[in-house]
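So you can see what is in the structure, the chains are spelled out below.
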Amino acid sequence: MPAPDSRPHLLARRRLRFLGLTPDDAIRAFFGGNAVVAVIVLALITYFLVREGAGFFGQNRRNLEVYRLAGLEFVDHLRAQEEAHTALTRRLSELRLQAFDRLSRGGADAEAAERALAPFDAYADRFGVAIDPLRALGSELADVATAIKTKFAVNEDRKEERRQLSAEGRTAEAERVEVVPIDFIAAARPLLAARDRHREVNRALAAELTALLTAAPAPPVPELREPLERFGVEVRAYVSELPAIERRLETWDQARPVSLGEALRAFLFGRQWLTASFWQDWYGLLPLLTGSLLVAGVALILAVPLGVGAAIYVNQFASAREQRVVKPAIEFISAFPSVVLGFFGIAVLGEVLRQVSHVPWLDWIPGFPFSERLNVLTAGCLLALIAVPTIFTLAEDALNNVPRALPEASLALGASRLQTTLRIVFPAALSGIISAVLLGLGRVIGETMVVLLCAGNRIAIPDFTQGLGVMVEPVHTMTGIIAQEMGEVVRGSIHYRALFMVGLVLFLLSLGINFLAQRILRRYRLAPS
Amino acid sequence: MLLAAPALRGEKLVIKGSDTLGAKLVPTLAEEYKATRPGVAFEIAAEGSTTGISAIIEGTAQIGMSSREAKATEISAAAARGVRLNGIVVAFDGLAVIVNARNPIARLTPRQVEQIFTGDVTDWSAAGGRPGKISVYTRNTSSGTYSDWKDLAMRKRDYARSSQKLAGNEQIVAEVARNPNGIGYVGLAYLKAAGIKVLPINGVAPTRENILDKKYAYARPTYFYCNGEPAGEAARFVEFTLGPGGQAIADRLGFVPVR
């Protein structure tokens, strides 16, 4: 056998060596290098996300500690008492509405109804005014607490300024920056001293409310008798809880430290995300997480039947001509920029859905009619549109990958086309279809523009007591809050790091979904024959 | 050559901040200013007063538009970075309460406004209107108007949990115009839209005269923030804004001039 080098080749092969590599090796190294760069970039992004976000827990711990030390927690106990009373006033308002409704339907005109409700109105007014002394006390104490907190924050900034000036070597200027040590215990003494006044106010409040109950007016309409009795019971419960609040204020420990675990729990399970507040900022993930999951859920409920159904049809039942039309059309949907879809949602879809919800014969649908046109449903419909091409393509791939032996055997045994598809092909491709759905979910959870424009931007856990009617509530999402608040944060501040933490949670969620999808696909995939 | 010409002649002014100022007023001022000084390029980003103040602190803008005053914590945070936040009042703005044109309510008291926006009251019937759940539309947290409203109308309490946060004045107008149960607040320059109704507070309507006479409750100064004294092109633009030409434009757009 002659040596390979001395054989004449059809194509003259130049034996160049570039950095000790043949051209083949060089090309292989180039591709390998690109792959490595992609992995490195991913690792760097993860590292930076974690680095910027990890500082959040320390800052949140400090945030919660200052909340306690500056006395804001103390004042919030008072405010909770005020809130409970306001909720009762709202109940009275609802009862009045019911009574007015009943009177109008009973044939009275507006003026007669107002006259009939006058004693009830006087009662409600007296009830509402009863809380004023407590509100005034709360307001005064709130001012004290806010002053302590502002002094602390300004002092922290001065410390930072001094540190920076010293670092630059301008020690003379650094000395001139005035840093006043804050003594929280001393500063909060007026709050603790107010406990006596609080007890007095509570005694007067209890007396007033009990007197009100005995002087309750007759129900303006008979249907209101029972609700008014229930209201009386609630007021008595409120009055009986006043000593508990006083005890809470007595046992309030200003110097109790806040642990890192508490800071973590406050983020992961916090029910409130409130920033730029004059009072206290809360960084709780739950409203955003439930918003994201709700919108993604609605999107999947709409997209999975459409996407998987279309995939089954196109793969199993469509003629070649239909395939040539339907497949590109569905894949063309993914060509829409999401911001265009969001704009479509604001300008057209939201209003159309609201008009549709007011159609009388549709009011059996939970949540219909609704008045907010930017809500979970609008955003969910548009996200479903975005998810359908992903689910369709991947599900169709999964159906294609079913080994041909299976449907052929089924058909040979006499099954109809429909039976083969539903009983053989679909179950065989199930793992791939599930994986497609999960990838669609991952796509939808990370979508920003559509939810920022169309989901309503209400930062609160939606009201699940309405059952399925929660679909028409406005929500805010994790992606939306990052996009909305990104521009206003100062680098390194707690708000900045909180947004990075939200981004990290989103990242981990997407990672988990993708990982699950791949695991399912790999484990249950049938070997192609 | 074409690209080099403006760079040779003028510089770029980066202005970031308030949507109240930056949506209509400052772009119009920029257009007028460019007529007298061609070659100056403007980059105006109106994403909320807080972004404007942050931009001045971080040095990414020459002028920060703000519809609220800088907070003490912002001033100290700026000082920690060696930046002196200097606020120059450029116009006065009123905040008007708007409801849907089909809402039968004709007036509100400041107490009712506070109750509605803080969520103490959730139904229109409690304020004297047709029964229906109140849909509260507010700006978002990067807005100075958001913060000012809490200060002027809500005694610094927080917004209702059920309030929806929208990105700008125009969005609030659009939502309130389409939702019969909607209520929101916008600057004076946005009152002439169809479908909305402006409510007088305690009988006082948000007109220029009432604001100048200090009879209307919800009026506030709007600022240009700079790092120390403005210099160069920024100084000339601020001077133009405070001069007769700029103030006439502010007047025309519905703001109240400083003089």
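Residues numbered from 1 in each chain as written. Chains lettered and ligands numbered in written order. Predicted model: local features only at pLDDT ≥ 70, side-chain atom pairs only at ≥ 80, totals over all residues. Heavy atoms only, no water.

Asks: Looking at this structure, how should I read the overall build of chain A?
Replies: Looking only at helices and strands, one finds 19 helices and two strands in chain A. Taking 529 residues into account, the globule formula puts the C-alpha radius of gyration at 24 Å, and chain A, at 33 Å, lies well above it. If one aligns the C-alpha atoms of chain A with their principal axes, the spans along those axes are about 115 × 80 × 40 Å. By the burial criterion, 42% of the 529 residues in chain A qualify as buried. Looking at chain A as shown, the accessible area adds up to about 28200 Å², and 63% of this sits on carbon and sulfur atoms. Across chain A, 56 positive and 54 negative side-chain charges occur, with their mean positions spaced 10 Å apart. (Helix = DSSP H or I, 4+ residues; strand = E, 2+ residues; numbered from the N terminus. Rg over C-alpha atoms; globule rule 2.2 N^0.38 Å. Buried < 20%, exposed > 50% of the residue type's maximum accessible area, 1.4 Å probe, protein only. Areas by Shrake-Rupley, 256 points an atom, 1.4 Å probe, with all protein chains shown as cover. Lys, Arg positive; Asp, Glu negative; His and termini not counted. Charge placed at Lys NZ, Arg CZ, Asp CG, Glu CD.)

Asks: Explanation requested: the packing of helix α10 (residues 286-317) of chain A against helix α15 (residues 417-428) of chain A in the structure shown.
Replies: In helix packing, the relevant descriptors are the interaxial angle and the interaxial distance, both defined with respect to the helix axes. All names here are of chain A. Remark: α10 packs on α15, axes separated minimally by 11 Å, with the N-to-C direction vectors making an angle of 120 degrees. If you check the angle between α10 and α15, you find them oblique. The handedness of the crossing between α10 and α15 comes out as right-handed. From α10, V308, I312, Q316 and F317 reach across to α15, where they touch R417, L418, T421, V425 and F426. Each residue belonging to the contact of α10 with α15 can be placed in one class, and the counts come to six nonpolar, two polar and one charged. (Axes fitted to C-alpha atoms, helices over the stretch in contact; angles between N-to-C directions. Parallel < 35°, antiparallel > 145°, perpendicular 65-115°, else oblique. Left-handed = near helix turned anticlockwise from the far one by under 90°. Contact = heavy atoms within 4.5 Å. Nonpolar A, V, L, I, M, F, W, Y, C, P; charged D, E, K, R; others polar.)

Asks: I tried to follow a positive patch on the surface on my own but got confused; where do I start?
Replies: Residue and element names in this part refer to chain A. Together, R519, R522, R523 and R525 make up a positively charged patch on the protein surface. Inspection of the secondary structure puts R519 in helix α19 (residues 494-524). Note on R519: relative accessible area 41%, which makes it partly exposed. (Patch = residues over 30% accessible without salt bridge, like charges linked within 9 Å, V, L, I, M, F, W, Y side chains within 5 Å. Salt bridge = Lys/Arg side-chain N within 4 Å of Asp/Glu carboxyl O.)

Asks: Can you walk me through the nonpolar core in this structure?
Replies: Nonpolar side chains in soluble globular proteins tend to end up buried together. Grouped together as the largest cluster of nonpolar side chains are 77 residues, with contacts concentrated most on A:F56, A:F267, A:W273, A:L383, A:I481 and A:V502. Residues contacting A:V502, with those up to four places away along its chain left out, are A:F267, A:W273, A:L285, A:L288, A:M478, A:I481 and A:I482. Of all hydrophobic cores here, the second largest spans 65 residues; its members include B:F117, B:I211, B:Y216 and B:A234. (Core = buried A, V, L, I, M, F, W, Y, C linked by side-chain atoms within 4.5 Å.)

Asks: Which parts of the structure should I look at to understand the pairing of strand β5 (residues 135-139) of chain B?
Replies: The side chains of a regular strand alternate between the sheet's two faces. All names here are of chain B. With respect to burial, β5 is a largely interior element, five of its five residues being buried. In β5, alternate side chains face the same way, and those of S135, Y137 and R139 on one face and V136 and T138 on the other are all buried. Looking at chain direction, β5 and strand β6 (residues 164-166) are connected through three bridges and run parallel. Following the sheet pairing, R139 is matched in β6 by L166. (Pairing = 2+ DSSP bridges.)

Asks: Teacher, can you tell me more about the pairing of strand β7 (residues 182-187) of chain B here?
Replies: Residues and elements named next belong to chain B. Here β7 lies mainly inside the structure; six of its six residues are buried. Going residue by residue along β7, you find G182, G184 and V186 tucked away on one face and I183, Y185 and G187 tucked away on the opposite face as well. Judged from the five bridges that link them, strand β4 (residues 85-100) and β7 form a sheet pairing that is antiparallel. Considered in β7, the bridge of L95 is made with G187.

Asks: Explain the interface of chain B and chain A to me, please; I cannot follow it from the model alone.
Replies: Counting residues at the interface gives 43 residues for chain B and 41 residues for chain A. In this assembly, chain B packs against chain A so that about 3600 Å² is buried in total across both faces, 46% of it on carbon and sulfur atoms. When the buried surface of chain B facing chain A is broken down by residue, B:R161, B:Q164 and B:R178 rank first, second and third, together holding 16% of it. Across the chain B-chain A interface, the total number found is one salt bridge. Between A:R373 and B:E175 there is a salt bridge, and its shortest N-O distance comes to 2.7 Å. Seen at the junction of chain B and chain A, the total is 20 residue pairs in polar contact (both at pLDDT 80 or more). (Buried area = accessible area lost by both parts, 1.4 Å probe. Polar contact = N/O pair within 3.5 Å; in protein donor to acceptor, adjacent residues only side chain to side chain.)

Asks: How should a nonpolar patch on the surface be read in this particular structure?
Replies: A contiguous nonpolar surface patch, about 470 Å² in accessible area, is contributed by A:V36, A:I40, A:L44, A:Y47 and A:F48. Position of A:L44 among the secondary structure elements: in helix α1 (residues 23-69).

Asks: What is the right way to look at the environment of A:T390 in this model?
Replies: All names here are of chain A. Residue position: T390 is located in helix α13 (residues 376-400). Residues T390 and A193, 197 residues apart in the sequence, show an inter-C-alpha distance of 64 Å. Residues within four places of T390 in sequence aside, it is in contact with L439, G440 and R443.

Asks: I keep staring at the confidence of the model for chain A and nothing clicks. Help me out?
Replies: Low pLDDT marks stretches whose predicted atomic positions should not be read closely. In the predicted model, chain A carries a mean pLDDT of 89, and the fraction of residues at 70 or more is 96%. Mean pLDDT across the elements of chain A ranges from a minimum in helix α5 (residues 171-176) of chain A, with 82, to a maximum in α10(A), with 95. (pLDDT = per-residue confidence, 0-100.)

Asks: Honestly, the side chain of A:S410 in this entry has me stumped. Any pointers?
Replies: Residue and element names in this part refer to chain A. Along the polypeptide, S410 turns up in helix α14 (residues 405-412). Accessibility expressed as a relative area gives 9% for S410, which makes it buried. Once residues within four sequence positions are removed from consideration, S410 is found in contact with A415, T420 and I424.

Asks: What exactly am I supposed to notice about helix α7 (residues 189-214) of chain A here?
Replies: Note on helix geometry: an α-helix contains 3.6 residues per turn, so any two residues three or four positions apart are oriented the same way. All names here are of chain A. The terminal C-alpha atoms of α7, which comprises 26 residues, lie 39 Å apart, in line with the 38 Å expected from a rise of 1.5 Å per residue. Of all the bends in α7, the greatest measures close to 35 degrees and is centred on D196. Elements that come into contact with the buried residues of α7 comprise α2 (72-105), α3 (110-129), α4 (132-167) and α8 (225-250). (Expected span 1.5 Å × (residues − 1). Bend = angle between axes of the 7 residues up to and from the residue.)

Asks: Help me out: how do you make sense of unusual backbone geometry in this one?
Replies: That bond from A:F368 to A:P369 is cis: its omega, -15 degrees, falls within 30 degrees of zero. Of note, the phi angle at A:N457 is positive, near 55 degrees, even though the residue is not glycine.

Asks: Any chance you could explain the side chain of B:E74 here in plain terms?
Replies: Looking at the secondary structure, you find B:E74 in helix α5 (residues 72-80). B:E74 has contacts with B:T50, B:I53, B:I57, B:R68 and B:L85, leaving out every residue within four places of it along the chain.

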